[in-house]
Amino acid sequence: MRPVSAVGRAARREWGPLWMTVRTALAVDRLRAVPMTLTAVGLTAVLQIVQNQSWGYGAVQRLGAVRAEDPLWVALLRTPLSLFVPALDLPVWGALVQLLLVFGIAEICLGRWRTLLIAYVATLAGTLYARIGVAVGPDGFLGLPASDALIVDTGPSAAVVALAVYVCHVHRAWFTGALVIGAMVGEVAVKDNLAGKEHLAAIAAALVLCTVSARHDRRRLRRRRQGLGVGVGTRSGAPPIKS
């Protein structure tokens with residue numbers, strides 16, 4: 001067996017179904033296939049421009065900046081918009097590329113509402129983890145120092161990581177999913193900061209959603225098989241007529 005052909009077959013098994021789904025949707029609908037993604041990219045770009053203005057920085061912070069020291073109800077209100085507020089210490093093009101690629105693929109594969117739900121749950125998981133980690137303290141398991149309560153927590157990275165894991169689960173791209181998780185674990189091992197640990201919280205939320213989805217699919221498949229099992233070989237369930 002030639003190594004090149006073996007690698008090609010492995011790549012087709014890993015990414016073939018995902019590639020065909022995305023390619024078909026874009027070939028048929030083009031940009032109409034990802035309206036939510038384009039809106040998210042545009043909103044992020046606008047917020048980046050506004051928050052870099054003297055007159056807009058305060059407004060963006062009040063509406064979309066989340067800190068662990070904030071009251072919980074304030075954090076919950078700000079969390080949806082915080083997903084689209086680029087972090088000030090990172091280049092904005094990184095956030096835009098993440099949104100365009102990962103959100104676009106997820107919107108095609110999962111639908112816009114499930115994509116938004118997973119993104120929000122992952123972002124919320126990171127936000128809640130930060131509060132719990134600060135309360136636990138640096139000496140506890142996955143705890144955080146008190147100074148992390150002052151860090152502004154914004155950006156789409158937690159949602160992007162969770163969506164990548166969920167899409168890999170749906171399309172059985174196990175190696176890619178494991179690679180994403182391994183990269184996030186390595187990030188925490190190399191650079192032990194709030195963002196890295198929030199990525200792990202987002203992955204944990206995504207894995208919980210994957211488990212719930214898999215159980216729901218199994219129950220639905222079992223009910224379908226039970227329904228088909230009644231009167232197999234006949235239309236009404238009555239004994240077959242002999243000619």
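The sections below set out a description of the structure shown in this document. Since we're looking at a predicted model, the values are computed, not measured.

Criteria and thresholds
Residues numbered from 1 in each chain as written. Predicted model: local features only at pLDDT ≥ 70, side-chain atom pairs only at ≥ 80, totals over all residues. Heavy atoms only, no water. Helix = DSSP H or I, 4+ residues; strand = E, 2+ residues; numbered from the N terminus. Expected span 1.5 Å × (residues − 1). Buried < 20%, exposed > 50% of the residue type's maximum accessible area, 1.4 Å probe, protein only. Core = buried A, V, L, I, M, F, W, Y, C linked by side-chain atoms within 4.5 Å. Contact = heavy atoms within 4.5 Å. Axes fitted to C-alpha atoms, helices over the stretch in contact; angles between N-to-C directions. Parallel < 35°, antiparallel > 145°, perpendicular 65-115°, else oblique. Left-handed = near helix turned anticlockwise from the far one by under 90°. Nonpolar A, V, L, I, M, F, W, Y, C, P; charged D, E, K, R; others polar.

**Some thoughts on helix H5 (residues 92–110)**
At 3.6 residues per turn, the α-helix brings residues three or four places apart onto the same side. Between its first and last C-alpha, H5 extends 26 Å over 19 residues, near the 27 Å set by a 1.5 Å rise per residue. Buried within H5 we find Gly94, Ala95, Leu99, Val102, Phe103, Gly104, Ala106, Glu107, Ile108, Cys109 and Leu110. A positive phi of about 95 degrees marks Gly111, the residue just after H5.

**Some thoughts on the nonpolar core**
Counting residues in each nonpolar core, the largest one holds 38 residues, and the members touching the most others are Phe103, Leu110 and Leu163. Only helix H1 (3–29), helix H2 (35–51), H5, helix H6 (112–136), helix H7 (157–170) and helix H9 (194–228) provide two or more residues apiece to this core. Of the residues forming this core, the biggest block, 9 residues, is contributed by H7. Apart from the residues within four sequence positions on either side, Leu163 is in contact with Val102, Phe103, Ala106, Leu110, Thr115, Ile118 and Ala119. Tyr129, Ala130, Leu144 and Leu194 belong to the second-largest nonpolar core, a separate cluster that totals 7 residues.

**What to know about the packing of H5 against H6**
To characterise two packed helices, one gives the angle between the axes of the helices and the distance between these axes. Direction vectors running N to C along H5 and H6 enclose 125 degrees, while the axes themselves pass 7 Å from each other. When the axis of H5 is compared with that of H6, the two are oblique. When the axes of H5 and H6 are compared, the crossing they make is right-handed. Each of Phe103, Ala106, Glu107, Cys109 and Leu110 in H5 lies in contact with H6, whose residues at this interface are Arg112, Arg114, Thr115, Ile118 and Ala119. Class assignment of the residues belonging to the contact of H5 with H6 gives a composition of 6 nonpolar, 1 polar and 3 charged.

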